[in-house]
Amino acid sequence: EGDCAIDLEAIPEILTLKQGQEVLHIGRTTILNMIKQKELKAFKVRGRWRIRKKDLEMYLSQVDKE
């Protein structure tokens, strides 16, 4: 999968915001802005953001094309 150094096999199906930040190597503000701007799909569970692995993979595959 290109030169993507992320081992997507090791990632859980549903990630916390913090895990998403770690995978993308970005800060909290950045990931929240990406979610607000609908760049990255996410959903809330009791007020806490969660990101589906497949949505993260979708985001990464779109970034690869740019």
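Chemist: Can you break down the overall build of the chain residue by residue, with the values?
Modeler: Summing up its helical and strand segments, the chain has 3 helices and 3 strands in all. Element order for the chain, N to C, with α for helix and β for strand: β-α-α-β-β-α. Expressed as a percentage of its 66 residues, the buried residues of the chain come to 27%. Here the analysis covers contacts within the chain between residues at least 6 apart in sequence; of these, 45% occur between residues at least 24 apart. In the form shown here, the chain has an accessible surface area of approximately 5000 Å², with 49% of it arising from carbon and sulfur atoms.

Chemist: Go over helix 1 (residues 17–24) with me, naming the residues and quoting the values.
Modeler: Every buried residue belonging to helix 1 is among Leu17, Gly20, Gln21, Val23 and Leu24, and all of these are buried. Seen end-on, helix 1 carries its buried residues on one side only, within an arc spanning 165°. Its buried side turned inward, helix 1 meets strand 1 (14–16), helix 2 (28–36), strand 3 (48–52) and helix 3 (53–65). Positive phi appears at His25, one or two residues downstream of helix 1, with a value of about 55°.

Chemist: For the nonpolar core, give the residues involved together with the corresponding values.
Modeler: Formed by 14 residues in total, the largest nonpolar core has its most connected members in Leu24, Leu40, Ile51 and Leu56. Counting residues per element, the ones that place at least two in this core are helix 1, helix 2 and helix 3. Leave out the neighbours within four places in its chain, and Leu40 touches Leu24, Ile31, Met34, Ile35, Ile51, Asp55, Leu56 and Tyr59.

Rules and cut-offs
Residues numbered from 1 in each chain as written. Predicted model: local features only at pLDDT ≥ 70, side-chain atom pairs only at ≥ 80, totals over all residues. Heavy atoms only, no water. Helix = DSSP H or I, 4+ residues; strand = E, 2+ residues; numbered from the N terminus. Buried < 20%, exposed > 50% of the residue type's maximum accessible area, 1.4 Å probe, protein only. Contact = heavy atoms within 4.5 Å. Areas by Shrake-Rupley, 256 points an atom, 1.4 Å probe, with all protein chains shown as cover. Arc of directions from axis to C-beta. Core = buried A, V, L, I, M, F, W, Y, C linked by side-chain atoms within 4.5 Å.

These figures come from the coordinates and say nothing about function on their own.
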